[in-house]
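# Fold and geometry: a report
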Amino acid sequence: MSAMTISNWMAWEAGVDVAGSTASGLALPNLILHVARVVHTPLGSAPAGLVLWQPNPQAAPVLAGFVCADAKIGAYFGPRIFAGTPFEHAPVLTAKIEVRVDLPRSVASRIEVGGHVFEARLSELGPSELVQRGCGAPMPFAQQGVEASAARVVVSVDGAPLTLSIPPIGLSGGPGAVWAPAGVYAR
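Here is a short report on the structure shown in this document. The shown structure was predicted, so the numbers you read here are calculated from the model rather than taken from an experiment.

Further remarks concern empty space enclosed by the protein. Which parts of space are left empty comes out when a probe the size of a water molecule is rolled across the atoms. Applying the stated criterion to the full structure yields two cavities of 30 Å³ or more. Lining the largest cavity are 22 residues, and of these Asp 17, His 34, Leu 171, Ser 172 and Tyr 185 sit closest to its centre. Residue assignment for the lining of the largest cavity shows that the elements contributing at least two residues are β1 (9–20), β2 (31–41), β9 (142–157) and β11 (177–186). The element contributing the most residues to the lining of the largest cavity is β1, with four residues. Its residues assigned to classes, the lining of the largest cavity shows 14 nonpolar, six polar and two charged. Put simply, the second largest cavity is a space of about 150 Å³. In terms of lining, the second largest cavity is formed by 15 residues, of which the most central are Met 10, His 34, Val 39, Ala 48 and Gly 49. For the lining of the second largest cavity, the secondary-structure elements that each account for two or more residues are β1, β2 and β3 (44–53). Across the lining of the second largest cavity, the residue classes tally to 11 nonpolar, three polar and one charged.

What follows is the structure, encoded as structure tokens:
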């Protein structure tokens, strides 16, 4: 394997990722909950991720942005990792993020941000797989890590459960609902 020179990177531990739709026929998910118990960057480490919540797919999102307990670390993601994507200029939203791991049964996340509470529980996890996705479509960064897809996903927003359709392949090229115990994005 040849080395790849990088200028920007982030690594995470205990990632819980869900991207899905609350209505049929949508080209893109109207709910993304993509968080980790801790994300490491050259600027430091903190619980962090990305949230998009667009309950009315015909209207602007109610909430969209990078979520982090530390605004300085959260501000790193858009211009450094997601440059060239619709998330490049996404705002940073201060959030409280919790990830619970109860393997082999389930993993869960709880995100408090912008006056809302998002909870996701992934269960019936598949086998852990080593992934290596190169730079380019669908994302402009290389990704390496360990993932296990979830066959069962339960999501609630402000305590109300959602009926959610999860695509087999999500935005990053992996499963639409996944437990990612460790990984890295680099570009």
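After presenting the structure, the write-up continues.
For the α-helix, the turn length of 3.6 residues means that residues three or four positions removed from each other point alike. Along helix α1 (residues 71–80), the positions that sit buried rather than exposed are Ile 73, Gly 74, Tyr 76, Phe 77 and Gly 78. At the N-terminal boundary of α1, the capping side chain belongs to Asp 70, with an oxygen 2.9 Å from the backbone nitrogen of Lys 72.

Mapped onto the elements of the fold, Arg 133 is located in strand β8 (residues 129–133). Using a relative accessible area of 18% as the deciding quantity, one classes Arg 133 as buried. Within polar-contact distance, the side chain of Arg 133 engages the side chain of Glu 147 at 2.9 Å. Once you skip the residues sitting within four places of it in the chain, Arg 133 turns out to touch Phe 141, Ala 142, Gln 143, Glu 147, Ser 172, Gly 173, Gly 174 and Pro 175.

Here the focus is the layout of surface pockets. Of the volumes computed, that of the largest pocket is approximately 400 Å³. Of all elements in the fold, only β3 and β4 (63–68) reach the threshold of two or more residues within the lining of the largest pocket. With three residues, the top contributor of residues to the lining of the largest pocket is β3. Among the residues making up the lining of the largest pocket, the classes are represented as 16 nonpolar, six polar and no charged.

On to the pairing of β3. Among the 10 residues that make up β3, seven are buried, leaving the element largely enclosed by the rest of the structure. Linking β2 back to β3 in an antiparallel pair, the connection comprises two residues. The pairing of β3 with β4 spans six bridges and is classified as antiparallel. Residue pairing across strands places Val 51 opposite Gly 65, the latter belonging to β4.

Bringing the nonpolar core into the picture now. Core analysis: the biggest nonpolar cluster contains 27 residues, and Leu 33, Val 67, Ile 111, Val 113, Phe 118 and Leu 122 have the highest contact counts within it. Those residues in contact with Phe 118 that sit more than four places away from it in its chain are Leu 31, Leu 33, Val 51, Trp 53, Leu 63, Ser 109, Arg 110, Ile 111, Val 113, Ser 156 and Val 157. Core analysis: the second largest hydrophobic core is formed by 23 residues, Phe 66, Cys 68, Tyr 76 and Ile 81 among them.

What counts, and at which threshold
- Residues numbered from 1 in each chain as written.
- Predicted model: local features only at pLDDT ≥ 70, side-chain atom pairs only at ≥ 80, totals over all residues.
- Heavy atoms only, no water.
- 1 Å grid on protein atoms, 1.4 Å probe; cavity = no way out; pocket = protein on both sides within 12 Å on 5 of 7 lines; lining within 4 Å.
- Points joined across faces, edges and corners; volume = space filled by probe spheres on them.
- Helix = DSSP H or I, 4+ residues; strand = E, 2+ residues; numbered from the N terminus.
- Nonpolar A, V, L, I, M, F, W, Y, C, P; charged D, E, K, R; others polar.
- Buried < 20%, exposed > 50% of the residue type's maximum accessible area, 1.4 Å probe, protein only.
- Polar contact = N/O pair within 3.5 Å; in protein donor to acceptor, adjacent residues only side chain to side chain.
- Contact = heavy atoms within 4.5 Å.
- Pairing = 2+ DSSP bridges.
- Core = buried A, V, L, I, M, F, W, Y, C linked by side-chain atoms within 4.5 Å.

Everything listed here is a matter of coordinates, which is why it stays silent on function.
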